[in-house]
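Here is what each chain is made of, one letter per residue.
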Amino acid sequence: MAKLVGVFNTGHTPFCYMPPEDWNTIRSARPIREDVPMDTNESNRAKYERIQKAFAVLREQIAEAKPDVFVIFGDDQYECFNFTNFPTFAVYVGEDFEGAVSSPEALLHDAFESVGMTRPGMEEAVHEGPPPRATVKGHPKFGTAILLGLMKRGFDPAFCMDMPNPEYGVGHAFLRPWETLTDKQTAVIPVLTNCYFAPQVTGARSAALGRALAATIREDPSDLRVAVVGSGGLWHTPGQKGAYLDEAFDRASLAFMEKGDIDGMARYFDDYKIPAGDTSQQSRGRGPASTGMPSSSGPLGGTREICNWIAAAAVAEGKPVRVIDYVPVYASPIGVGFASYIP
């Protein structure tokens with residue numbers, strides 16, 4: 001029978017990969033709320049080093065677990081799907097897929113370009129061509145087993161036998177954990193979730209999805225060793241006016257996870273109400289980056305990637321998930337988290 005060998009939750013913000021000396025330059029171009037603390041370059045360096053240590057812990061745990069396949073819960077941010085058809089869930093069942101890797105030049109370019117700013121001295125580097133890409137091995141047989149197992153348990157996910165948008169490839173929610181945590185040889189099955197575009201997946205539905213995956217792994221007749229990854233988060237509304245970091249929300253969410261109370265974590269997420277006057281979480285009208293429809297519940301923006309953490313942690317089925325570190329990066333601002341569960 002297939003065996004769960006670990007659950008691993010990780011941040012994937014560009015700040016995990018770019019030089020900390022650039023963090024405050026990026027911050028200066030972002031409309032961050034005035035009361036967000038300002039880190040020194042020395043403090044940013046210390047936080048960057050904590051992030052690298054957390055990555056190292058996860059890599060060591062994964063190497064010891066020896067997985068045959070990774071199942072990654074990650075959100076699609078208009079990379080594979082667009083508003084002609086945007087599924088809530090999709091399972092990738094193809095032989096392989098491609099995506100952009102996190103070259104320093106590409107990450108810095110994206111960070112500055114998102115706020116309409118060009119970093120001095122980068123013009124030549126960022127215009128040499130598209131960012132480098134990598135080909136990632138998929139696992140069609142087990143991907144199909146996941147697809148059918150989810151359908152058996154009341155889910156109706158879309159499926160992808162090839163990249164829906166080959167020009168772009170599969171998004172950073174999958175490529176960054178692949179390049180940061182894996183040996184780059186082990187197969188990956190992306191489970192794409194709609195965290196960003198209203199109406200989005202809820203925390204409760206994410207927990208149910210994780211439990212359905214856990215049951216599917218248990219009943220699979222293969223001898224595969226399966227690692228599950230939750231990608232993204234935690235609190236962040238990058239580039240939005242008045243962006244701030246709600247550390248209390250993040251820490252309360254993580255406390256539920258550490259107790260193994262994933263339903264409590266999901267309820268806490270879904271019951272959240274946006275404070276009056278919070279400009280960083282305002283709903284926008286219909287356009288190229290917004291559906292104009294109402295959100296189902298909970299926070300808005302990148303914070304909704306917490307649903308990927310909820311789904312992954314639910315695979316542990318009530319077992320405590322250990323928080324390795326939580327790093328508040330005020331330059332974004334974002335709460336960068338790392339956690340794991342080893343059976």
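Note that the structure is a prediction, hence the values are computed from the model and not measured. (Residues numbered from 1 in each chain as written. Predicted model: local features only at pLDDT ≥ 70, side-chain atom pairs only at ≥ 80, totals over all residues. Heavy atoms only, no water.)

Caption draft 1: Representation of the overall build of the chain in the model. A tally of helices and strands in the chain yields 10 helices and 10 strands. In terms of principal-axis extent, the alpha carbons of the chain reach across some 55 × 45 × 40 Å. Across the 343 residues that make up the chain, the buried fraction comes to 57%. A fraction of 84% describes how many contacts in the chain between residues 6 or more apart in sequence connect residues 24 or more apart. As presented, the chain carries roughly 14400 Å² of accessible surface, and 52% of it is formed by carbon and sulfur atoms. Side-chain charges in the chain split into 32 positive and 42 negative, and the spacing between the mean points of these groups amounts to 6 Å. (Helix = DSSP H or I, 4+ residues; strand = E, 2+ residues; numbered from the N terminus. Buried < 20%, exposed > 50% of the residue type's maximum accessible area, 1.4 Å probe, protein only. Contact = heavy atoms within 4.5 Å. Areas by Shrake-Rupley, 256 points an atom, 1.4 Å probe, with all protein chains shown as cover. Lys, Arg positive; Asp, Glu negative; His and termini not counted. Charge placed at Lys NZ, Arg CZ, Asp CG, Glu CD.)

Caption draft 2: Looking closely at the sheet that holds strand β10 (residues 334-341). Across the sheet, 8 strands lie side by side as β6-β3-β7-β2-β8-β1-β10-β9; this open sheet has mixed pairing. On the outer flanks of this sheet lie β6 (158-160) and β9 (322-329), each paired with one strand and no other. Shown here is a sheet whose adjacent strand axes are inclined to one another by a mean of 20 degrees, direction ignored. Here strand β3 (residues 89-92) pairs with strand β7 (residues 187-193) via 3 bridges, running antiparallel. (Pairing = 2+ DSSP bridges. Axes fitted to C-alpha atoms, helices over the stretch in contact; angles between N-to-C directions.)

Caption draft 3: Up close: the packing of helix α9 (residues 262-271) against helix α10 (residues 306-314). In contact at an axis separation of 10 Å, α9 and α10 are set at 165 degrees when each is read in the N-to-C sense. On the basis of the axis angle, α9 is roughly antiparallel to α10. In the crossing of α9 with α10, the sense of the turn from one axis to the other is left-handed. Two secondary-structure elements touch here, α9 through I262, M265, A266 and F269 and α10 through I306, C307, W309, I310, A313 and A314. Across the contact of α9 with α10, the residue classes break down as 10 nonpolar, no polar and no charged. (Parallel < 35°, antiparallel > 145°, perpendicular 65-115°, else oblique. Left-handed = near helix turned anticlockwise from the far one by under 90°. Nonpolar A, V, L, I, M, F, W, Y, C, P; charged D, E, K, R; others polar.)

Caption draft 4: Broad picture of empty space enclosed by the protein. For the structure on display, the rule yields 1 cavity of 30 Å³ or more. What the largest cavity holds in volume is close to 40 Å³. Lining the largest cavity, in full, are M257, G260, D261, I262, A313, G318, K319 and V321. Partitioning the lining of the largest cavity into residue classes produces 4 nonpolar, 2 polar and 2 charged. (1 Å grid on protein atoms, 1.4 Å probe; cavity = no way out; pocket = protein on both sides within 12 Å on 5 of 7 lines; lining within 4 Å. Points joined across faces, edges and corners; volume = space filled by probe spheres on them.)

Caption draft 5: Structural detail: the pattern of salt bridges. Applying the stated rule across the entire model yields 10 salt bridges. Bridged by salt links that share partners, the residues K152, R153 and E219 form one connected network. (Salt bridge = Lys/Arg side-chain N within 4 Å of Asp/Glu carboxyl O.)

Caption draft 6: Focus on the nonpolar core. Grouped together as the largest cluster of nonpolar side chains are 59 residues, with contacts concentrated most on F142 and V228. When residues in this core are grouped by element, the largest group, 8 residues, is from α10. Not counting the four nearest positions on each side in its chain, V228 is found in contact with L4, G6, V7, F8, V71, F73, L213, I217, A312 and V315. In terms of nonpolar packing, the next biggest core, distinct from the first, is built from 47 residues, V5, I51, A227 and V327 among them. (Core = buried A, V, L, I, M, F, W, Y, C linked by side-chain atoms within 4.5 Å.)

Caption draft 7: Region of the structure containing unusual backbone geometry. Of note, the bond from A198 into P199 is cis; its omega dihedral lies within 30 degrees of zero at -5 degrees. Within the element layout of this structure, P199 appears in the loop between β7 and α7 (203-219). The linkage connecting G233 with the following residue, L234, adopts the cis geometry, with an omega of 0 degrees. Secondary-structure assignment places L234 in the loop between β8 (225-231) and α8 (247-259). Of note in the backbone geometry, K66 takes a positive phi value of approximately 55 degrees without being a glycine.

Caption draft 8: Layout of the packing of aromatic side chains. Under the definition given, this model contains 20 aromatic pairs. Members of the aromatic cluster, joined through ring pairs, are W235, Y244, F249, F256, Y268, F269 and Y272. Across the ring face of W178, the terminal group of K184 is positioned such that the distance to the ring centre comes to 5.9 Å. Lying over the aromatic face of F155, R205 brings its terminal NZ or CZ to 3.8 Å of the ring centre. (Phe/Tyr/Trp six-rings, centres within 6.5 Å; stacked < 30°, edge-to-face > 60°. Lys NZ or Arg CZ within 6 Å of the ring centre and 35° of its normal.)

Caption draft 9: Spatial organisation of the environment of R322. Along the chain, R322 turns up in strand β9. Residue R322 is classed as partly exposed on the basis of its relative accessible area of 45%. With 309 residues separating them in the primary sequence, R322 and T13 have C-alpha atoms 21 Å apart. When neighbours within four sequence positions are excluded, R322 is seen to be in contact with V57, Q61, F338, A339 and S340.

Caption draft 10: Spatial organisation of helix α5 (residues 140-152). Between the first and last C-alpha of α5 there are 18 Å, a value that for 13 residues agrees with the 18 Å anticipated at 1.5 Å per step. Regarding α5, the residues found buried are F142, G143, A145, I146, L147, G149 and L150. Positive phi appears at G154, one or two residues downstream of α5, with a value of about 90 degrees. (Expected span 1.5 Å × (residues − 1).)

Caption draft 11: Expanded view of the environment of A313. If you trace the backbone, A313 turns up in helix α10. In this structure, the C-alpha to C-alpha distance between A313 and G232, residues 81 residues apart in sequence, is 13 Å. Residues within four places of A313 in sequence aside, it is in contact with V7, N9, M257, I262 and V321.

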